[in-house]
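Structure assessment
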Amino acid sequence: MDLNSYVEKINNSKIKIDINKYSDTKTNYEIRTLNKSYLKNDEVLSQISYLRNEYNFAFRNRIDSSINSTIDWLKNDFFIKNEKILFLIFDKKGILHGHAGLHIHNENKIEI
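So, here's what we can say about the structure. No experiment lies behind these values; they were computed from the predicted model shown.

A look at the pairing of strand E4 (residues 96–106)
Pairing analysis gives 7 bridges linking strand E3 (residues 84–91) to E4, with the strands arranged antiparallel. Along E4, the bridge assignment pairs Ile85 with Leu102. For E4 and strand E5 (residues 109–111), the ladder comprises 3 bridges, and the chain directions are antiparallel. Bridge pairing in E5 links Asn106 to Lys109. Between E4 and the antiparallel strand that follows it, E5, lie 2 residues.

Considerations on the environment of Asn76
Within the element layout of this structure, Asn76 appears in helix H3 (residues 67–81). With a relative accessible area of 52%, Asn76 lands in the exposed category. Of the polar contacts made by the side chain of Asn76, one reaches the side chain of Asp72; its length is 2.5 Å.

Some points on the pattern of salt bridges
In the structure shown here, the tally under the stated rule is 3 salt bridges. Arg32 is paired through a salt bridge with Glu30; the nearest N and O atoms lie 2.7 Å apart. Assessed through its relative accessible area of 17%, Arg32 is described here as buried. Note that Lys81 and Asp77 form a salt bridge whose closest N and O atoms lie 2.9 Å from each other. Here Lys81 pairs with Asp77, and both are found in helix H3, just 4 residues apart, close to one helical turn. Within this structure, Asp77, Lys81 and Lys84 form a network of salt bridges that share partners.

Calculation notes
- Residues numbered from 1 in each chain as written.
- Predicted model: local features only at pLDDT ≥ 70, side-chain atom pairs only at ≥ 80, totals over all residues.
- Heavy atoms only, no water.
- Pairing = 2+ DSSP bridges.
- Helix = DSSP H or I, 4+ residues; strand = E, 2+ residues; numbered from the N terminus.
- Buried < 20%, exposed > 50% of the residue type's maximum accessible area, 1.4 Å probe, protein only.
- Polar contact = N/O pair within 3.5 Å; in protein donor to acceptor, adjacent residues only side chain to side chain.
- Salt bridge = Lys/Arg side-chain N within 4 Å of Asp/Glu carboxyl O.

Following this line, the structure appears as structure tokens:
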């Protein structure tokens, strides 16, 4: 199985990781992988867009993000190319606090 097939498998799964097992923080956080079910979740899409705009300086490409542009990116790039994994960091109330991603260029180059 090639690397993109593994990424596709991850992106089509609903993976949740309770990070409190690995941290002594009093706030409860959970890491979830972005998957296709989020295409129908306007609240999370709105939170992703908000974070993208709020921390635009941290991205190589500076864009104005919206729910529609996020859906477009997910449908026409993220879930098609299967080169990226996005980890969403939620509190136990379901509020998105951040995200971190991997862009897998090839077997020798992975960008965080």
